[in-house]
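Residue-level structural notes
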Amino acid sequence: MKDYNNSDRTNALGGGVIQIALLLLFVLLLAPMAAAQDNDNPTVAFLRYGPYIPDPIVENGLLDTLQVYEWINAEERSLLNARQNFEGEKINITWASANFDLPTVNIMVEDALDRGADILITAGAPVTQIAINITEDQEEPTPVLFHSVYHPTQFGISDAPCVKPAHVTGSEYTPPYEEAFEVFLLQNPALKRVGTMHTSTDAGGNYGAGRISAIAEAQGIEVESAAISGLSDLRAAVQGLVNKDVEAIMLPVDFTIGSGLPIVVSVAKENQIPVFYPIPGTVLTGVTIGVGFNEYYEQGVHAGLLLDARLKDGLDFASTAVLSQTGGTVGINLDVAAEMGIDFPQELQDMADITLRNGAVLLSEQAITQLLDSLGANEEFKQMTLGMLRALGDSFDWAPLMMPDLDAEASPMAAQMMAQLSMVLEMRKSPEHRAADAAVLASLQCTDDMIAEQQAALDAAE
């Protein structure tokens, strides 16, 4: 275990021509970042590993929170939907993505630091891990605020909520593999042989594939496992599992495989094999059943609160715990199931919070209420919205709101809903919400006793 000292010490994964071309393109894409350094405003760099489905949702939660706390105004917030480098009246924001290329992550982080980023918002374990490795060698480490990290202890990002590099904090998600497995089995309780896979360089994926194998084998289910080194291996790996007569494919949370889910789904559908993934929203990409964490907007709100507290009051990340989250939201894809001749039992349909049917995304009242709560809607607005949606029934498609790449204007009803939801942000400025936000920050404070207790438990475990 790495020994982190939460005091004043300075601490805190191609071919040649193609690789050079990619790096040159990356530098060109980042060039506008320099424009954000022409004023004295704090500069925040949003750094992605690649175009991963949950990232825009987390970012929206963070940006909305910056609007609530008046770092940006409504007009600036609208401009930020384009995810372009931005120089505002009070804050500068830059964006970069490594497109799932590890060498590019190093360049991306170094470039953000060279251009004067005051804080790094890192999405995913690979970017977070590299950002920590680079910044901990600085005389005054640039703060790293991470999200969408799965099993940070597996990546060496933190050893415990309060035992971590002093300049780092954020939120992590532990996939509920046991609970998800129980839901997956509802589709076919007689499963005898399943397949799983992971990326050899993804510690979280490796851990998750191990958990899936252990859970399945404990129930007498045979497991075929495969490891890949990158996206180029994915199609062959899935076909390899198919050739071994697996009845379903159960995948761990793995960034490379997650980005390649359309490939997995394509091969699986050709062979009439359901795909299960521990993130419910992935049913929108063709996954058959998804079970797990879905509070991505809330994760963004959490990051926004930490960012505001850091910029306004100098929040000490050394004494700010990593927030640990999990979830049991269920998503089902009735369209894919129909194509493959799969019937979902009524019990499974009844527990679904996200349902893809006839190309439309339907949400349960529980999921809608959760969304409205995270936005800060008061009880009157929630009841009004739920009443309207009950009247509409299944005619309201949530896809434009759940998938940021879709054009909400293509659906006038969705555009109207988005306008109403943006108005709800004003409700989050109420004294009650401000007090609740302050309570969240207070709950994350790490005392010396807490740090010592967690470190002692780690030492004892070793």
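Residues numbered from 1 in each chain as written. Predicted model: local features only at pLDDT ≥ 70, side-chain atom pairs only at ≥ 80, totals over all residues. Heavy atoms only, no water.

**Section: the nonpolar core**
Note the cut-off: In plain words, nonpolar cores are sets of buried Ala, Val, Leu, Ile, Met, Phe, Trp, Tyr and Cys residues tied together by side-chain atoms within 4.5 Å. Here the term buried applies to any residue with accessible area under 20% of the maximum for its type, exposed to any over 50%, and partly exposed to those in between, with areas from a 1.4 Å probe on protein chains only. For this analysis, residues touch if any pair of their heavy atoms sits within 4.5 Å.
Residues Leu47, Val105, Val109, Leu120, Met197 and Leu251 are the most contacted members of the largest nonpolar core, which totals 85 residues. With residues up to four places along the chain from it excluded, the contact list for methionine 197 reads Ala209, Ala226, Leu234, Ala237, Val238, Leu241, Leu251, Pro252 and Ile257. In this structure, Val68, Tyr297, Leu372 and Leu389 belong to the second largest nonpolar core, which totals 43 residues.

**Brief notes about the packing of helix H4 (residues 102-114) against helix H5 (residues 125-135)**
Definition in use: Geometry is summarised by axes, namely lines fitted to C-alpha atoms with helices restricted to the contacting stretch, and by angles between N-to-C directions that run from 0 to 180 degrees. For the purposes of this entry, the term helix denotes a DSSP run of H or I that reaches at least four residues, the term strand denotes a run of E that reaches at least two, and both are numbered from the N terminus. Any angle that falls under 35 degrees is termed roughly parallel, while one over 145 is termed roughly antiparallel, one within 65 to 115 roughly perpendicular, and all others oblique. By definition, turning the near helix anticlockwise from the far helix through less than a right angle yields a left-handed crossing, and turning it clockwise yields a right-handed one. In this classification, the charged set is Asp, Glu, Lys and Arg, the nonpolar set is Ala, Val, Leu, Ile, Met, Phe, Trp, Tyr, Cys and Pro, and all remaining amino acids, among them Gly, are polar.
Interaxial distance between H4 and H5 falls to 10 Å at its minimum, and their mutual angle equals 50 degrees. Judged on the interaxial angle alone, H5 and H4 are oblique. Here the hand of the crossing between H4 and H5 comes out right-handed. Across the interface between the two elements, Leu102, Val105, Asn106, Met108, Val109, Glu110 and Leu113 of H4 pack against Pro126, Val127, Ile130, Ala131, Ile134 and Thr135 of H5. Split into classes, the residues belonging to the contact of H4 with H5 amount to 10 nonpolar, 2 polar and 1 charged.

**Describing the pairing of strand S7 (residues 193-199)**
Test applied: Should DSSP find at least two bridges between two strands, the strands are regarded as paired. The crossover handedness rule: strands pointing away from the viewer, path from first strand over the helix to second strand clockwise, crossover right-handed.
The buried fraction of S7 is high, at 6 of 7 residues. Note: S7 against strand S8 (residues 222-228), 7 bridges, orientation parallel. If you follow histidine 198 over to S8, its bridge partner there is alanine 227. Read as a crossover between parallel neighbours, the route from S7 over helix H8 (residues 203-218) to S8 is right-handed.

**Some details on helix H9 (residues 234-243)**
In plain terms, the rule: The directions from the helix axis to the C-beta atoms form the arc being described.
Restricting attention to buried positions, one finds in H9 the residues Leu234, Ala237, Val238, Leu241 and Val242. Down the axis of H9, the sector holding all buried residues measures 145 degrees, keeping them to one side. Every exposed residue of H9 that faces more than 90 degrees away from the buried side is listed here: Ala236 and Asn243. Of the surrounding secondary structure, the elements contacted by the buried residues of H9 are S7, S8, strand S9 (248-250), helix H10 (255-259) and helix H11 (261-270). Immediately downstream of H9, the backbone of aspartate 245 shows phi near 60 degrees, a positive value.

**Let's talk about unusual backbone geometry**
One non-glycine residue with positive phi stands out, namely serine 148, at about 55 degrees. Checked against the element boundaries, serine 148 lands in strand S5 (residues 144-150). With a relative accessible area of 2%, serine 148 lands in the buried category. Of note in this structure, aspartate 245 is not a glycine but carries a positive phi near 60 degrees. Residue position: aspartate 245 is located in the loop between H9 and S9.

**A look at the pattern of salt bridges**
As a reminder of what qualifies: When a carboxyl oxygen of Asp or Glu is within 4 Å of a side-chain nitrogen of Lys or Arg, the pair counts as a salt bridge.
Summed over all chains, the structure comprises 13 salt bridges. Between arginine 211 and glutamate 178 there is a salt bridge; the shortest N-O distance is 2.1 Å. Taken together, the residues span a long stretch of sequence, with arginine 211 in helix H8 and glutamate 178 in helix H7 (residues 177-187) at a distance of 33 residues. According to the relative accessible area criterion, arginine 211 is partly exposed, its value standing at 22%. With a shortest N-O distance of 3.4 Å, glutamate 426 and lysine 429 are connected by a salt bridge.

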